[in-house]
Amino acid sequence: MEPILNRAELMAADNVLLLLRPSNPPLSPAQKASADQRPPEQEVFLAIHGDGRIIALNGHVDLGTGIGTALAQIVAEELYVQPKDVQMILGDTDKAPNQGATIASATIQITAVPLRKAAATARQFLLEQAAARWQCQPDQLITRDGRVGNPTTQQSLSYGELVQGQAIHLQVDEHAALKPVDEYQIVGKSAARKDIPAKATGQFEYVHDVRIPGMLHGRVIRPPYAGRDGGEFIGNSLLGIDRDSIAHIPGIITVEVIGDFIGIVAEREEQADRAARELKVDWKPSPDLPDINDLENAIRNNPTDKTRTLVDEGNIEQALQETHKRLTRTYVWPYHMHGSIGPSCAVADIRNDQVLVWSGTQNPHILRADLAFLLNIDENRIEIIRHQAAGCYGRNCADDVCGDAVLLSRAVGHPVRVQLTREQEHLWEPKGAGQLMEVDGGIAADGRPYAYDFTTSYPSNGAPMLALLLTGVVEAIPAALEMGDRTSIPPYQFDHMRIRVEDMAPMVRAAWMRGVSAMPNTFAHESYIDELAAEAGEDPVAYRLKYLQDERAKELLQNTATRANWQPRTGSEAPGSNRTGNIVKGRGVAYARYIHSKFPGFGAAWAAWIADVEVDQDSGEVNVTRVTVGHDAGLMINPDGVKHQVHGNIVQSTSRVLKEEVTFNEIAVADKEWGSYPILTFPELPEVDVLLAEKPEEPPMGAGESASVPSAAAIANAIYDATGVRMRQPPFTPERVRNALEEAGVRPKLQQPTSNSRKPGWKSWLGGLSAATLGTLAMVSPWRAAIPEITQPLTSPYSAATIARGAEVFAAGDCAVCHTAEGGIRNAGGRPLETPFGTVYSTNLTPDPQTGIGKWSFTAFDRAMRQGISRDGKHLYPVFPYTAYQNISDGDMQALYAYIMSQPAVSQNNPKTELGFPFGMRPLMAGWNTLFQSNTRWQTNPTQTAQWNRGAYLVNGLGHCGACHSPRNLMGAEKTGIAFLAGGEVDGWEAPALNGSSRIPLNWTEPDLYDYLRTGYSEQHGPAAGPMAAVVEEMQQLPDADIQAIAHYLANLDEAAASPSTRSTAPQTTAAPVAATTTAALAAVPATANSSTTMTNPLNDASARMFESACAGCHETRPDWFGVNPNLAVNSNVHSDKADNLIRTILFGIQNPATSELGYMPGFANSMNNGQIANLLRYMRSKFASDKPAWQQLEQTIAHIRANPGSH
Amino acid sequence: MNPTATQTREITLTVNRQVITIQADPNSPLLFALRNDCQLNGPKYGCGLGECGACSILIDGKTARSCSIPLKAAIGRQITTLEGLSQNGQLHPVQQAFVDAQGAQCGYCLNGMIITTTAWLDHLTERPSEADIRNALKANLCRCGTHLEILDAVRLAVANKFPEADSAATRQPQTNQPQQDQTSTNPLEENSPWNRF
Ligand code: FES
Ligand code: FES
């Protein structure tokens, strides 16, 4: 492929047609004066080469929205070529024109305009060239597929041929004749994104993938005042570093320190990464932040730099006194993260006075000015090569990391790639700013909107490049910008209106983020108008339509309401009337047009939302079930592209509104990973319906942000419709909604929601299992053969007496209790059985051949009853206590079979049991079933056998298990007798009890022990970690028989070794009979869980979300994932008296499992603080071990273990 | 906590059916070796904590998060990355489904989505429900809100594997794109000018 020439090369090249315009960059709000002083120079917008290549250049970059595809469509349309023939160059400073930062969704609306004119100018020129050659008039000629042709003479020439041998520099004709819209062939038709095949195959080169020969790897170490950029301490807090602390790490090239900037360069990435984590650094203490977790007051107390009054119509002061009904409201918008999935990355190469920077920046030209300032060189020596990065939706750390990279490349004289960590991106990305909106106003007596006095306070968002601040090149003086005014004027007719903006300096580092200030402002406008409609007793849609001033807005809102089948509210139905149990449903509407850029700004696309929600009044959970969005962007260049943007806005803004909020500690941002800043996941997605207005005759409008803007108000209004409660501060988390409902008296004050009691609980149905109950659901297992199907004879071969006897057995066994659903057909199954592990549905017990057990022979039935194996060889869930039934006499079993087969067949498919996390796990069930069978085995040989003795010998002798697993007395000696193997401690790890005094929910059975010792993992108890992982690794040498002997001995330890008192405290250690032991062990879980008077439901707050985002993904049944997915419900460590092992595992992960098959776990020590881990532990305890007392002093324990990591 | 040795040593990996020998610390993250030594663009660094899925690869056909797995775990196993899914210039059916359903905005998460879907589908023996589909990608994060197109892509891939298409689980993607009906695969464009813009 021919190389793409840069601007200077193009200007000097032959065989090319260039379309030029003098540079005219728009001012960025954050731009420094130095960047503006360059004389205007000619910039290239379009190049047509003699070889026919068409290169189009645009100063805006693709932020992951596929804008390159749309721009190519525009150029192709004007030039009469196909989009694939147009190569787009976006953003590179040495090639593309300077068109300012890629913000405000303005690429199509504004920056594409000169490109379109350039293409039209070029086409006109080519027509004239051909006309001159053929000596005819240009208007006799046509252009098609990259050729100019004369329909009369059949002559034609390609564009390349017309350009060959010339170097033509043309100014873009601002008045060039543009192709009429109604002749469009390409624009307005959906085009597939051209970058996706490369992205789907790993061919695409993101900035993260740039590799330069000789490239080294850099990491930075950031100061503790994370996410702040104002104050004297910034750039002035470093006391010193201890270079020796990383002397043990090979490959370190240099450690660069300038002010508070610290960077490490190493040969390999992992070396730099590790060194950055292990370098010892001393910092001065940082001054406290204002309490941003109390955001309303923090913003109120943040000094206003300037109050701008944007609108003052009528007499607002007087009108406020005259309102028929006056409402004074405060709305608070949280800080959000841009949350790019890829932390920022850059490569810099400073050699021979030339600075090359490969960057994912949003604003290459502004970045170049910043870097020139940082390096104190002329910006002409800097070239920014723009690559795509992870979607940013505003400004993330993409520029910052370029500053880091140039400093490190300068230090070592080699190209250096700097990759920020997840923690750094979370902490330091300039946040989407918090905002405070206050509304005073009300309605007139006839209900019309009368007065609106709106004040919005916006702590601004200049966010100078970090390297400039940390090195002290720029002083960290927070500056107030004018950015709080987007969509600050409501779209409704008020008799009296005043709109004021309080411009204020930032409190923490912030930058524009999708829907900047318009989304918060609209949240206030649209929540307020909804209240006014309710006060006026009018339907919220009708009310808006009545007072909207913009005809296009009305049309859109009306169409959206129709599409969503909006049912007008007359006011007679009170909020909360749509109720099923605890769940209330509601609908909300909101409308907005995103007005961007400096006030009064430009309007982008129009958007209207109708949101459907379900609110669980007990838990406070809000489920957005459906979103209908109407969107009017005028002419859509690429309608699919617009639709995908709208989809993206809907999903992302739903995430922001329901879940997102940056939290802060005393000095800094606190959230360092996705557990503490969770975003929406697939199971939480609403259904989405999008209505795109078809208006090809209208100019194209930016579609990148508009659909986000009404989201928060629509959802809040839906919550109001559902509950009667107005939410005025996102995110609408369960705890916030619970509080609001409690305050409003809609829901009684409760500690925690109570569990749903409509279905039979585990305990209640467990009682029904006292006799024969046929098992519930089959599982796949390779272990057992299917028993062939039979066809039941038409008449029963059994005598009436046998069937009658069977009926008695059936009744005694309460079979129908479980196998008949509420209100369902007898024995046809389908009853949901609540277990602690999830819902299990009973099966169809009638002799229907397809859906019941009609094809089961007696042999198959008998095996299922006694062994828990379904006819087809699958294992049954042990909810069905088949072990209890093995003692049924043969005669009774025959009779039972006879009776069941004589009953009417019912064809009924029952819901499939789909146990959720973690009990849907098939291997778990297989292991569980093994438990039952193996107990049967040792029942037949319960006394001290050769195996038992071998096990005892290994445990007490060779294995010296007691060394760790027995407590020590004050002299340091292992305790014996009752304390033997009663639990000890090693290397800071708790070595759990091996006798009956353990706290675990399921007893350690012999197979569990075998699995654990052989593989390092037991489904029932978790993986071996810490020192035990190493022990298991060692024991890989032992023959199977020895492992089995150890397991056998330990499983029978209590009978032989423990005292009677130990036994009595642990139901699962009852000595005999074996079948009863097994049942008791199983029963131990629910029985203890339910009998505990202190039981509450799991916490449902940030800790729950943290668990879901940071832990649940892996700790869930994933047969298609590498490694085991330990089930935390039965994990011994979660049930232990001490949290130590769990803390160690969370902090340091599992990087040395007993065998690599088990998989690995990352440590979270660098990513979660002690408070966050403590909350996570509290949640896990409440969720998985609610019968156990809460752990105490968690923060202190975590701090201690963090400081004393031990050697495992 | 393990004070793992920092010694680099020779390590032989099998990546995308090719054997490669590198010098590295066996305890360092596998992701770094794939990015730097193998020069692969598929697996992406997202969180380093197993939370987002961007770094996903296949180890012996199962999904693994290469950021949280040490290099030593890959020894003696088959590593497949996004690059290795397509063979002979033909897209893997899951890749094709993502292209057809336009399942990317920035595409940074795309690697994880495709890899996770591939292993999940390979292990499925029955047609999954809609809830199954969503749950399969529950621990894969996307910031661009591309979820709807990604779900379309997964439904397409599911429908290809379990062709009896009348079940509710395979309702047609919401996007009405003509490409949906195509079953042909796109050849890879080497050095496509669209690789970067
Ligand atoms: S980077 Fe590996 S899961 Fe996020
Ligand atoms: S497409 Fe950007 S993160 Fe998913």
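What you are looking at is a predicted structure, and each value in this text was computed from that prediction instead of being measured.

The helix and strand inventory of chain B stands at six helices and five strands. Starting at the N terminus, the α and β elements of chain B follow one another as β-β-α-β-β-β-α-α-α-α-α. When the 197 residues of chain B are sorted by exposure, 66% land in the buried category. Within chain B, counting contacts between residues at least 6 apart in sequence, those at least 24 apart form 59% of the total. Of the roughly 6700 Å² of accessible surface on chain B, a fraction of 48% belongs to carbon and sulfur atoms.

Attention shifts here to the packing of helix α16 (residues 639-659) of chain A against helix α6 (residues 147-161) of chain B. At their nearest, the axes of α16 of chain A and α6 of chain B sit 8 Å apart, and the two run at 110 degrees to each other. One way to sum up the angle between α16 of chain A and α6 of chain B is to call them roughly perpendicular. From α16 of chain A, His-644, His-647 and Val-651 of chain A reach across to α6 of chain B, where they touch His-147, Leu-148 and Glu-149 of chain B. Class assignment of the residues belonging to the contact of α16 of chain A with α6 of chain B gives a composition of two nonpolar, three polar and one charged.

Let's shift gears to the environment of Ala-592 of chain A. Residue and element names in this part refer to chain A. Considering the arrangement of structural elements, one finds Ala-592 in strand β24 (residues 583-596). Residues Ala-592 and Ala-1185, 593 residues apart in the sequence, show an inter-C-alpha distance of 48 Å. When neighbours within four sequence positions are excluded, Ala-592 is seen to be in contact with Thr-522, Ala-605, Trp-606, Ala-607, Val-709 and Pro-710.

On to the pattern of salt bridges, then. Residue and element names in this part refer to chain A. All chains considered together, the criterion is met by 73 salt bridges over all chains. Of the charged contacts, one joins Arg-544 and Glu-526 as a salt bridge, the two residues approaching to 2.8 Å between their closest N and O atoms. Here Arg-544 is found in helix α14 (residues 540-547), whereas its partner Glu-526 is found in helix α13 (residues 518-536), with 18 residues between them in sequence. According to the relative accessible area criterion, Arg-544 is buried, its value standing at 0%. For Glu-526, a relative accessible area of 0% corresponds to the buried category. Here Glu-538 makes a salt bridge to Lys-546, at a shortest N to O gap of 2.8 Å. The network of salt bridges with shared partners includes Lys-306, Arg-308, Glu-482, Asp-485, Arg-486, Asp-503 and Lys-598.

Our focus in this paragraph is the interface of chain A and chain B. Each partner contributes residues to the interface: chain A has 116 residues there, and chain B has 94 residues. Interface of chain A and chain B: buried area, both sides summed, is about 8700 Å²; carbon and sulfur atoms make up 54% of it. Seen at the junction of chain A and chain B, the total is seven salt bridges. Here chain A and chain B share 42 residue pairs in polar contact (both at pLDDT 80 or more) between them.

Right, let's talk about the sheet that holds strand β2 (residues 42-49) of chain A for a bit. Residues and elements named next belong to chain A. Here five strands make up an open sheet; going across it, the order is β4-β3-β2-β1-β8 and the pairing mixed. Unpaired on one side and paired on the other, β4 (86-90) and β8 (167-171) mark the two borders of the sheet. Geometrically, the sheet is characterised by an average inter-axis angle of 25 degrees between neighbouring strands, direction not taken into account. Across seven bridges, strand β1 (residues 16-22) lies against β2 in antiparallel orientation. Note on β2: the bridge partner recorded for Leu-17 is Ile-48. Packing of helix α2 (residues 67-79) onto the sheet brings it into contact with β2, β3 (54-58) and β4, and relative to β4 it is tilted by some 130 degrees.

Residues and elements named next belong to chain A. Looking at where Thr-487 falls in the secondary structure, it is placed in the loop between α12 (466-470) and β22 (496-504). Overall, the relative accessible area of 7% leaves Thr-487 in the buried class. Apart from residues no more than four positions distant in its own chain, Thr-487 is found in contact with Ala-518, Asn-521, Thr-522, His-525, Arg-593, Tyr-594 and Ile-595. A polar contact of 3.1 Å, which involves the side chain of Thr-487, links it to the backbone oxygen of Arg-593.

Once that is clear, we can look at the domain arrangement of chain B. A common way to report how large an interface is uses the accessible area buried once the components associate. Residue and element names in this part refer to chain B. According to the domain assignment, chain B contains domain 1 (9-82) and domain 2 (93-171). For domain 1 and domain 2, the distance between their C-alpha centres works out to 23 Å. Domain 1 puts 19 residues into the contact, and the matching count from domain 2 is 13 residues. Taking both sides of the interface into account, the surface hidden between domain 1 and domain 2 amounts to around 1200 Å²; carbon and sulfur atoms contribute 56%. Linking domain 1 to domain 2 there are zero salt bridges. Linking domain 1 with domain 2 are eight residue pairs in polar contact (both at pLDDT 80 or more), by the criterion used here.

Cut-offs and rules
Residues numbered from 1 in each chain as written. Chains lettered and ligands numbered in written order. Predicted model: local features only at pLDDT ≥ 70, side-chain atom pairs only at ≥ 80, totals over all residues. Heavy atoms only, no water. Helix = DSSP H or I, 4+ residues; strand = E, 2+ residues; numbered from the N terminus. Buried < 20%, exposed > 50% of the residue type's maximum accessible area, 1.4 Å probe, protein only. Contact = heavy atoms within 4.5 Å. Areas by Shrake-Rupley, 256 points an atom, 1.4 Å probe, with all protein chains shown as cover. Axes fitted to C-alpha atoms, helices over the stretch in contact; angles between N-to-C directions. Parallel < 35°, antiparallel > 145°, perpendicular 65-115°, else oblique. Nonpolar A, V, L, I, M, F, W, Y, C, P; charged D, E, K, R; others polar. Salt bridge = Lys/Arg side-chain N within 4 Å of Asp/Glu carboxyl O. Buried area = accessible area lost by both parts, 1.4 Å probe. Polar contact = N/O pair within 3.5 Å; in protein donor to acceptor, adjacent residues only side chain to side chain. Pairing = 2+ DSSP bridges. Domains from an automatic or database assignment.

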